[in-house]
Amino acid sequence: MTELTSKIGVFDPESRSVPVSFTSGDIKHERRVNAVLKDDGTYDRAATKERVAEVARGVAQKIGLGVITVPPPEPEIPAVEPTAE
């Protein structure tokens, strides 16, 4: 397996989560991760980064087991010719 990288998106205060893209070779897995909040309710960027690292270990394990894979290509939908009525 190639190295797993992650990119954390912008904190969403409504869902209290961050979108994260995990990438390993051709595999790109996107999901939301619960953010860590400080005692005063504000977003804790450093602690959330640690939480994302924990989730990344699980994602890497699932990629290694073949649970998360490259999705199959979407089937091509044939063009429909307009008909005269």
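Anything mentioned here points back to the structure above.
About the criteria used
- Residues numbered from 1 in each chain as written.
- Predicted model: local features only at pLDDT ≥ 70, side-chain atom pairs only at ≥ 80, totals over all residues.
- Heavy atoms only, no water.
- Phe/Tyr/Trp six-rings, centres within 6.5 Å; stacked < 30°, edge-to-face > 60°.
- Helix = DSSP H or I, 4+ residues; strand = E, 2+ residues; numbered from the N terminus.
- Buried < 20%, exposed > 50% of the residue type's maximum accessible area, 1.4 Å probe, protein only.
- Salt bridge = Lys/Arg side-chain N within 4 Å of Asp/Glu carboxyl O.
- Pairing = 2+ DSSP bridges.
- Axes fitted to C-alpha atoms, helices over the stretch in contact; angles between N-to-C directions.
- Contact = heavy atoms within 4.5 Å.
- Core = buried A, V, L, I, M, F, W, Y, C linked by side-chain atoms within 4.5 Å.

### Regarding the packing of aromatic side chains
Move 1: Enumeration over the complete set of coordinates arrives at 1 aromatic pair.
Move 2: Consider the rings of F11 and Y43, whose centres lie 4.4 Å apart with planes at 10 degrees: the pair is stacked. Within this pair, whereas F11 is found in the loop between β1 (5-8) and β2 (17-24), its partner Y43 is found in the loop between β3 (27-34) and α1 (45-65), the two being separated by 32 residues in sequence.
Move 3: With relative accessibility at 19%, the residue Y43 sits in the buried group.

### Focus on the pattern of salt bridges
Move 1: For the structure shown, the criterion picks out 2 salt bridges.
Move 2: A salt bridge links E30 to K28; its shortest N-O distance comes to 3.5 Å. Here E30 matches K28 in class, with each residue exposed.

### Concerning the sheet that holds β2
Move 1: Strand order across the open sheet formed by 3 strands is β1-β2-β3, with antiparallel pairing between neighbours. Every interior strand has two partners, whereas the edge strands, β1 and β3, have only one. Looking at each pair of strands side by side, their axes are set apart by 25 degrees on average, direction ignored.
Move 2: Alignment of β2 against β3, held across 8 bridges, turns out to be antiparallel. Across the sheet, F22 pairs through a bridge with H29, a residue of β3.
Move 3: Helix-sheet contacts for α1 involve β1, β2 and β3, and the interaxial angle to β2 is about 40 degrees.

### Some thoughts on unusual backbone geometry
Move 1: The backbone phi angle of R16 is positive, close to 55 degrees, even though this residue is not glycine.
Move 2: Tracing the backbone shows R16 in the loop between β1 and β2.

### Let's talk about the nonpolar core
Move 1: V18, V20, F22, V33, V52 and V59 are the most contacted members of the largest nonpolar core, which totals 13 residues.
Move 2: Among the elements of the structure, β2, β3 and α1 are those that each provide at least two residues to this core.
Move 3: Broken down by element, this core gets its largest block of residues, 5 residues, from α1.

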